[in-house]
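Spelled out, the chains give:
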Amino acid sequence: QTVPVTLTTKADATNLVNLRDQFKAVGGSRPVPSYQDIITKLVAEALKRHPLLAGRWEEEAIVLPAEDELHLGLAVDTDEGLLVPVLRNVGGQALPDLAAQSRRLIERARAGTLVAAEMQGGVFTITNLGAFGIDAFTPIINAPEVAILGLGAIRREAVVLDDGQIAARQQLTLSLTFDHRIIDGAPAARFLQDVVN
């Protein structure tokens, strides 16, 4: 019952890789944020500026979340199939806390111990096939949400810089599927551009 459209773009992930390397170098007892954890925080910030992408179908209307209700789904591959636990209040959490919550939910999903409440209330989902070497794909919207973001593999590629030089940079493909009944292509493209920036 949706009209799904997918937009795909590349992002320079060099700073993303460097940031994660810094977290790894510090170490400590807390989990190192994954690339997906960092991108999840960025997506929450972008959703504050593009709230329609965080809308949910409720009966015949689209309901927009409050800023403190940016609960993002995390697609997890399990032996029982795909499960989508929900990270609560992503915008209000520090990145280390978000990483710890994400690890807990992934472990519970794979152990088969999630409860229904942990998979409800999401306003936007992020799915990641990068670990499988996939660059771009068409994610399926997790109803009643109106959009989903797919993360591809991070690859070192030759890139032409602004000054015309060629350099090796880390590149990440992002695939945004959205319901065209709710969001037009240009606003969806602006959201994706915001995430990239």
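Thresholds applied
Residues numbered from 1 in each chain as written. Predicted model: local features only at pLDDT ≥ 70, side-chain atom pairs only at ≥ 80, totals over all residues. Heavy atoms only, no water. Helix = DSSP H or I, 4+ residues; strand = E, 2+ residues; numbered from the N terminus. Rg over C-alpha atoms; globule rule 2.2 N^0.38 Å. Buried < 20%, exposed > 50% of the residue type's maximum accessible area, 1.4 Å probe, protein only. Contact = heavy atoms within 4.5 Å. Areas by Shrake-Rupley, 256 points an atom, 1.4 Å probe, with all protein chains shown as cover. Lys, Arg positive; Asp, Glu negative; His and termini not counted. Charge placed at Lys NZ, Arg CZ, Asp CG, Glu CD. Expected span 1.5 Å × (residues − 1). Salt bridge = Lys/Arg side-chain N within 4 Å of Asp/Glu carboxyl O. Phe/Tyr/Trp six-rings, centres within 6.5 Å; stacked < 30°, edge-to-face > 60°. Lys NZ or Arg CZ within 6 Å of the ring centre and 35° of its normal.

The secondary structure content of the protein amounts to 4 helices and 10 strands. The secondary structure elements of the protein, listed N-terminal to C-terminal, are β-α-α-β-β-β-β-β-β-α-β-β-β-α. The C-alpha atoms of the protein give a radius of gyration of 17 Å, which matches the 16 Å a tight globule of 197 residues would have. Expressed as lengths along the three principal axes of its C-alpha atoms, the size of the protein is roughly 55 × 40 × 30 Å. Scored against the burial criterion, the 197 residues of the protein give a buried share of 43%. Here the analysis covers contacts within the protein between residues at least 6 apart in sequence; of these, 61% occur between residues at least 24 apart. For the protein, the exposed area adds up to about 10,200 Å²; of that, 52% sits on carbon and sulfur atoms. In the protein, the 18 positive side-chain charges and the 24 negative ones have mean positions that sit 6 Å from each other.

With that settled, the discussion passes to helix α4 (residues 185-196). Here α4 is 12 residues long and its end C-alpha atoms lie 16 Å apart, about the 16 Å a rise of 1.5 Å per residue gives. For α4, the elements touching its buried residues are β1 (4-12), α2 (35-49), β8 (124-128), β9 (147-160) and β10 (166-179).

In the structure shown here, the tally under the stated rule is 10 salt bridges. Salt-bridge contacts for Glu157 lead to Lys10; the nearest nitrogen and oxygen are separated by 2.8 Å. Taken together, the positions of Glu157 in strand β9 and Lys10 in strand β1 put the pair 147 residues apart, joining distant regions of the chain. Exposure remark for Lys10: the relative accessible area of 44% places this residue in the partly exposed category. With a closest N to O distance of 2.8 Å, Asp12 and Arg169 form a salt bridge. With Asp12 in strand β1 and Arg169 in strand β10, the pair connects residues that are 157 residues apart, well separated along the chain. According to the relative accessible area criterion, Asp12 is partly exposed, its value standing at 39%.

Before going further, it helps to spend a moment on the packing of aromatic side chains. Per the stated rule, a full pass over the model turns up 1 aromatic pair. Arg20 extends its terminal NZ or CZ atom over the ring of Tyr35, reaching a point 5.1 Å from the ring centre.

This part is about the environment of Val17. Structurally, Val17 is set in helix α1 (residues 14-26). In sequence terms Val17 and Gln170 are 153 residues apart; their C-alpha atoms lie 7.6 Å from each other. The residues touching Val17, leaving out its near neighbours within four places in the chain, are Tyr35, Ile154 and Gln170.

What follows concerns the environment of Pro33. Mapped onto the elements, Pro33 comes out in the loop between α1 and α2. In this structure the C-alpha to C-alpha distance between Pro33 and Gln22, which are 11 residues apart in sequence, comes to 10 Å. Aside from chain neighbours lying at most four places away, what touches Pro33 is Arg20, Phe23, Ile38, Leu95, Ala99 and Arg103.

Attention now goes to helix α3 (residues 95-111). Here α3 is 17 residues long and its end C-alpha atoms lie 24 Å apart, about the 24 Å a rise of 1.5 Å per residue gives. Looking at the buried side of α3, the elements it contacts are α1, α2, β4 (72-74), β5 (76-78), β6 (81-83) and β7 (86-87). Two residues or fewer after α3 comes Gly112, characterised by a positive phi angle close to 75 degrees.

Take it as geometry only, folks, not as evidence of what the structure does.
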